[in-house]
Amino acid sequence: MNKPIGVRAGGWRFLARHWVFPYRRTGSTLAFVLNRWSGVLLAIYLYVHLGILTMIAVDPMAYDRFLGLARSPLGLAFDVVLILLILYHGLNGLRIIYATLAGHIEQHRAQFWAVVVISLLVTAYSAVLIFSFE
Amino acid sequence: MQQLQDKTQSRPSFAWLGQAVSGVLLIAILLLHIYFQHFQARGLLNAGEIVAHVASPVIFGLEILFVIVVTYHALLGIRAIIFDLSLTEATRRKVTIILTILGVLTAAYGFILAILIRSQLVG
(Lines give C-alpha, C1' and ligand atoms only; values in the text may rest on other atoms or scores of the structure.)
Protein backbone atom coordinates (compact mmCIF):
# COMPACT_ATOMS: atom_id res chain seq x y z
CA MET A 1 0.00 0.00 0.00
CA ASN A 2 1.40 3.40 -0.97
CA LYS A 3 1.53 6.04 1.76
CA PRO A 4 0.07 9.51 0.98
CA ILE A 5 3.50 11.20 0.58
CA GLY A 6 4.52 8.55 -1.92
CA VAL A 7 7.00 6.60 0.18
CA ARG A 8 6.68 2.86 -0.38
CA ALA A 9 6.44 0.58 2.67
CA GLY A 10 9.90 -0.22 4.03
CA GLY A 11 11.53 2.99 2.82
CA TRP A 12 12.05 4.55 6.25
CA ARG A 13 13.08 1.16 7.68
CA PHE A 14 15.74 0.88 4.94
CA LEU A 15 17.08 4.32 5.86
CA ALA A 16 17.22 3.56 9.59
CA ARG A 17 18.79 0.12 9.08
CA HIS A 18 21.45 1.29 6.62
CA TRP A 19 22.17 4.78 7.93
CA VAL A 20 21.54 5.08 11.63
CA PHE A 21 22.41 1.54 12.73
CA PRO A 22 25.34 0.48 10.56
CA TYR A 23 26.86 -1.71 13.29
CA ARG A 24 27.58 -5.39 12.58
CA ARG A 25 27.84 -4.44 8.91
CA THR A 26 30.63 -4.94 6.41
CA GLY A 27 33.34 -2.37 5.61
CA SER A 28 31.52 -1.40 2.42
CA THR A 29 28.38 -0.48 4.42
CA LEU A 30 30.54 1.63 6.73
CA ALA A 31 32.11 3.33 3.67
CA PHE A 32 28.61 3.95 2.26
CA VAL A 33 27.24 5.35 5.53
CA LEU A 34 30.27 7.62 6.12
CA ASN A 35 30.07 8.85 2.52
CA ARG A 36 26.38 9.68 2.87
CA TRP A 37 26.70 11.36 6.30
CA SER A 38 29.73 13.41 5.21
CA GLY A 39 27.82 14.41 2.05
CA VAL A 40 24.75 15.54 4.02
CA LEU A 41 26.89 17.54 6.48
CA LEU A 42 28.81 19.18 3.60
CA ALA A 43 25.53 20.04 1.83
CA ILE A 44 24.30 21.72 5.04
CA TYR A 45 27.65 23.53 5.31
CA LEU A 46 27.20 24.90 1.76
CA TYR A 47 24.15 26.89 2.95
CA VAL A 48 25.83 27.89 6.24
CA HIS A 49 28.84 29.16 4.23
CA LEU A 50 26.60 31.18 1.89
CA GLY A 51 24.87 32.63 4.97
CA ILE A 52 28.19 33.66 6.53
CA LEU A 53 29.42 35.21 3.25
CA THR A 54 26.18 37.21 3.07
CA MET A 55 27.51 39.18 6.05
CA ILE A 56 30.30 40.62 3.83
CA ALA A 57 27.73 42.08 1.44
CA VAL A 58 25.32 43.27 4.15
CA ASP A 59 27.60 44.27 7.05
CA PRO A 60 31.39 43.78 6.56
CA MET A 61 32.03 44.88 10.18
CA ALA A 62 29.79 42.05 11.44
CA TYR A 63 31.80 39.59 9.32
CA ASP A 64 35.06 40.85 10.84
CA ARG A 65 33.55 40.42 14.33
CA PHE A 66 32.52 36.88 13.33
CA LEU A 67 36.17 36.19 12.42
CA GLY A 68 36.98 36.46 16.13
CA LEU A 69 34.88 33.33 16.68
CA ALA A 70 36.23 31.63 13.53
CA ARG A 71 39.82 32.23 14.73
CA SER A 72 39.11 30.86 18.22
CA PRO A 73 40.31 27.30 19.00
CA LEU A 74 36.70 26.10 18.64
CA GLY A 75 36.36 27.76 15.21
CA LEU A 76 39.69 26.29 14.04
CA ALA A 77 38.65 22.84 15.34
CA PHE A 78 35.47 23.18 13.24
CA ASP A 79 37.69 23.87 10.18
CA VAL A 80 39.71 20.72 10.93
CA VAL A 81 36.50 18.62 11.09
CA LEU A 82 35.38 20.26 7.84
CA ILE A 83 38.66 19.29 6.16
CA LEU A 84 38.27 15.69 7.38
CA LEU A 85 34.74 15.54 5.91
CA ILE A 86 35.88 17.01 2.59
CA LEU A 87 38.90 14.69 2.38
CA TYR A 88 36.96 11.54 3.22
CA HIS A 89 34.05 12.41 0.92
CA GLY A 90 36.37 13.40 -1.97
CA LEU A 91 38.77 10.47 -1.69
CA ASN A 92 35.96 7.96 -1.18
CA GLY A 93 34.22 9.42 -4.23
CA LEU A 94 37.37 8.88 -6.29
CA ARG A 95 37.58 5.31 -4.91
CA ILE A 96 33.97 4.63 -5.99
CA ILE A 97 34.62 6.02 -9.48
CA TYR A 98 37.79 3.91 -9.80
CA ALA A 99 36.07 0.75 -8.51
CA THR A 100 33.09 1.27 -10.84
CA LEU A 101 34.98 2.17 -14.01
CA ALA A 102 38.07 -0.05 -13.57
CA GLY A 103 36.06 -2.90 -12.04
CA HIS A 104 38.58 -3.56 -9.24
CA ILE A 105 35.79 -4.17 -6.75
CA GLU A 106 37.64 -7.07 -5.05
CA GLN A 107 40.14 -4.62 -3.49
CA HIS A 108 37.45 -2.33 -2.07
CA ARG A 109 38.20 -3.12 1.59
CA ALA A 110 41.91 -2.20 1.30
CA GLN A 111 41.00 0.89 -0.76
CA PHE A 112 38.46 2.01 1.85
CA TRP A 113 40.99 1.77 4.70
CA ALA A 114 43.59 3.55 2.53
CA VAL A 115 41.05 6.39 2.09
CA VAL A 116 40.47 6.53 5.88
CA VAL A 117 44.22 6.56 6.68
CA ILE A 118 45.09 9.19 4.03
CA SER A 119 42.16 11.37 5.17
CA LEU A 120 43.30 11.22 8.80
CA LEU A 121 46.97 11.90 7.95
CA VAL A 122 46.24 14.88 5.68
CA THR A 123 43.74 16.23 8.24
CA ALA A 124 46.39 16.00 10.98
CA TYR A 125 48.89 17.88 8.74
CA SER A 126 46.20 20.50 7.91
CA ALA A 127 45.42 20.91 11.63
CA VAL A 128 49.08 21.73 12.31
CA LEU A 129 49.06 24.31 9.47
CA ILE A 130 45.72 25.85 10.52
CA PHE A 131 46.70 26.28 14.14
CA SER A 132 50.13 27.69 13.15
CA PHE A 133 48.58 30.18 10.65
CA GLU A 134 46.16 31.70 13.19
CA MET B 1 17.85 -11.13 -23.17
CA GLN B 2 19.58 -11.86 -19.87
CA GLN B 3 22.85 -10.51 -21.34
CA LEU B 4 21.09 -7.36 -22.47
CA GLN B 5 19.57 -6.91 -19.01
CA ASP B 6 22.96 -7.42 -17.30
CA LYS B 7 24.57 -4.90 -19.67
CA THR B 8 21.86 -2.34 -18.92
CA GLN B 9 22.16 -2.85 -15.16
CA SER B 10 25.95 -2.51 -15.12
CA ARG B 11 25.90 0.77 -17.09
CA PRO B 12 26.22 3.83 -14.81
CA SER B 13 23.12 6.04 -14.90
CA PHE B 14 23.15 9.64 -16.17
CA ALA B 15 22.74 10.90 -12.58
CA TRP B 16 25.68 8.75 -11.40
CA LEU B 17 27.88 10.09 -14.22
CA GLY B 18 26.81 13.65 -13.39
CA GLN B 19 27.71 13.04 -9.74
CA ALA B 20 31.09 11.54 -10.67
CA VAL B 21 32.09 14.23 -13.20
CA SER B 22 30.97 17.10 -10.94
CA GLY B 23 32.77 15.43 -8.01
CA VAL B 24 36.11 15.25 -9.86
CA LEU B 25 35.66 18.83 -11.10
CA LEU B 26 34.82 19.90 -7.55
CA ILE B 27 38.05 18.42 -6.18
CA ALA B 28 40.08 20.48 -8.68
CA ILE B 29 38.12 23.70 -7.98
CA LEU B 30 38.23 23.12 -4.21
CA LEU B 31 42.01 22.69 -4.26
CA LEU B 32 42.35 26.02 -6.12
CA HIS B 33 39.82 27.66 -3.74
CA ILE B 34 41.72 26.47 -0.64
CA TYR B 35 45.07 27.50 -2.16
CA PHE B 36 43.98 31.03 -3.15
CA GLN B 37 41.67 31.78 -0.19
CA HIS B 38 43.58 30.18 2.68
CA PHE B 39 47.12 28.98 1.89
CA GLN B 40 48.26 31.98 -0.14
CA ALA B 41 46.68 34.27 2.44
CA ARG B 42 48.03 32.13 5.32
CA GLY B 43 44.77 31.97 7.31
CA LEU B 44 41.27 33.43 7.30
CA LEU B 45 40.76 36.62 5.30
CA ASN B 46 38.86 39.58 6.71
CA ALA B 47 36.00 41.26 4.79
CA GLY B 48 38.25 43.86 3.09
CA GLU B 49 40.75 41.21 1.98
CA ILE B 50 37.98 39.00 0.56
CA VAL B 51 36.54 41.94 -1.40
CA ALA B 52 40.02 42.72 -2.82
CA HIS B 53 40.50 39.02 -3.59
CA VAL B 54 37.21 38.66 -5.50
CA ALA B 55 38.13 41.75 -7.57
CA SER B 56 40.43 39.48 -9.60
CA PRO B 57 38.47 38.15 -12.63
CA VAL B 58 40.14 34.72 -12.26
CA ILE B 59 39.14 34.36 -8.58
CA PHE B 60 35.64 35.73 -9.32
CA GLY B 61 35.14 33.22 -12.17
CA LEU B 62 36.49 30.40 -10.00
CA GLU B 63 34.09 31.21 -7.16
CA ILE B 64 31.09 31.37 -9.52
CA LEU B 65 32.06 28.00 -11.05
CA PHE B 66 32.56 26.64 -7.52
CA VAL B 67 29.04 27.63 -6.41
CA ILE B 68 27.43 26.12 -9.53
CA VAL B 69 29.34 22.80 -9.39
CA VAL B 70 29.05 22.35 -5.61
CA THR B 71 25.29 23.06 -5.70
CA TYR B 72 24.76 20.61 -8.56
CA HIS B 73 26.82 17.91 -6.82
CA ALA B 74 25.22 18.44 -3.38
CA LEU B 75 21.62 18.43 -4.58
CA LEU B 76 22.19 15.42 -6.86
CA GLY B 77 23.54 13.62 -3.77
CA ILE B 78 20.53 14.67 -1.66
CA ARG B 79 18.28 13.42 -4.49
CA ALA B 80 20.02 10.01 -4.45
CA ILE B 81 19.55 9.82 -0.66
CA ILE B 82 15.84 10.72 -0.89
CA PHE B 83 15.41 8.13 -3.68
CA ASP B 84 16.66 5.47 -1.21
CA LEU B 85 13.26 5.79 0.46
CA SER B 86 11.72 3.65 -2.30
CA LEU B 87 9.59 6.51 -3.59
CA THR B 88 6.87 6.11 -6.16
CA GLU B 89 7.65 7.40 -9.67
CA ALA B 90 5.36 10.44 -9.25
CA THR B 91 7.08 11.44 -5.98
CA ARG B 92 10.51 11.00 -7.57
CA ARG B 93 9.52 13.46 -10.29
CA LYS B 94 8.30 15.97 -7.69
CA VAL B 95 11.53 15.61 -5.68
CA THR B 96 13.59 16.18 -8.84
CA ILE B 97 11.59 19.32 -9.73
CA ILE B 98 11.85 20.76 -6.17
CA LEU B 99 15.61 20.11 -5.98
CA THR B 100 16.14 21.58 -9.46
CA ILE B 101 14.35 24.79 -8.40
CA LEU B 102 16.35 24.86 -5.14
CA GLY B 103 19.59 24.35 -7.10
CA VAL B 104 18.85 27.17 -9.55
CA LEU B 105 17.91 29.51 -6.68
CA THR B 106 21.06 28.58 -4.72
CA ALA B 107 23.37 29.09 -7.70
CA ALA B 108 21.63 32.38 -8.55
CA TYR B 109 21.98 33.54 -4.92
CA GLY B 110 25.70 32.62 -4.94
CA PHE B 111 26.18 34.55 -8.20
CA ILE B 112 24.36 37.65 -6.89
CA LEU B 113 26.28 37.43 -3.61
CA ALA B 114 29.63 37.31 -5.44
CA ILE B 115 28.62 40.40 -7.47
CA LEU B 116 27.49 42.24 -4.30
CA ILE B 117 30.77 41.41 -2.53
CA ARG B 118 32.74 42.57 -5.59
CA SER B 119 30.74 45.82 -5.71
CA GLN B 120 31.97 46.64 -2.17
CA LEU B 121 35.32 47.51 -3.74
CA VAL B 122 33.66 50.25 -5.84
CA GLY B 123 31.41 51.39 -2.95
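As shown above, the structure is provided for reference.
Conventions adopted
- Residues numbered from 1 in each chain as written.
- Chains lettered and ligands numbered in written order.
- Predicted model: local features only at pLDDT ≥ 70, side-chain atom pairs only at ≥ 80, totals over all residues.
- Core = buried A, V, L, I, M, F, W, Y, C linked by C-beta atoms within 7 Å.
- Buried ≥ 20, exposed ≤ 12 C-beta atoms within 10 Å, placed from the backbone.
- Helix = DSSP H or I, 4+ residues; strand = E, 2+ residues; numbered from the N terminus.
- Contact = placed C-beta atoms within 7 Å.
- Arc of directions from axis to C-beta.

Draft legend 1. Main features of the nonpolar core. In this structure, Leu42(A), Leu85(A), Ile86(A), Leu87(A), Tyr88(A), Val70(B) and Ala74(B) are the most contacted members of the largest nonpolar core, which totals 14 residues. For this core, the secondary structure elements donating two or more residues are helix H2 (27–58), helix H4 (73–102) and helix H5 (108–133) of chain A together with helix H4 (57–83) of chain B. Aside from chain neighbours lying at most four places away, what touches Val70(B) is Leu46(A) and Leu26(B). Ranked by size, the runner-up nonpolar core spans 9 residues in total, among them Ala47(B), Val51(B), Val54(B) and Ile117(B).

Draft legend 2. Geometry of helix H3 (residues 47–54) of chain B. The set of residues buried in H3(B) consists of Ala47(B), Ile50(B), Val51(B) and Val54(B). The buried side chains of H3(B) occupy one side of the element, clustering within an arc of 100° when seen end-on.

Draft legend 3. Here's a closer look at the interface of chain A and chain B. Contacts between the two partners involve 34 residues from chain A and, on the opposite side, 31 residues from chain B. Sorting the residues of the side of chain A that touches chain B by element identifies helix H1 (11–20), H2, helix H3 (60–70) and H4 of chain A as the ones contributing at least two each. Per element, the largest residue contribution to the side of chain A that touches chain B is 11 residues, and it comes from H2(A).

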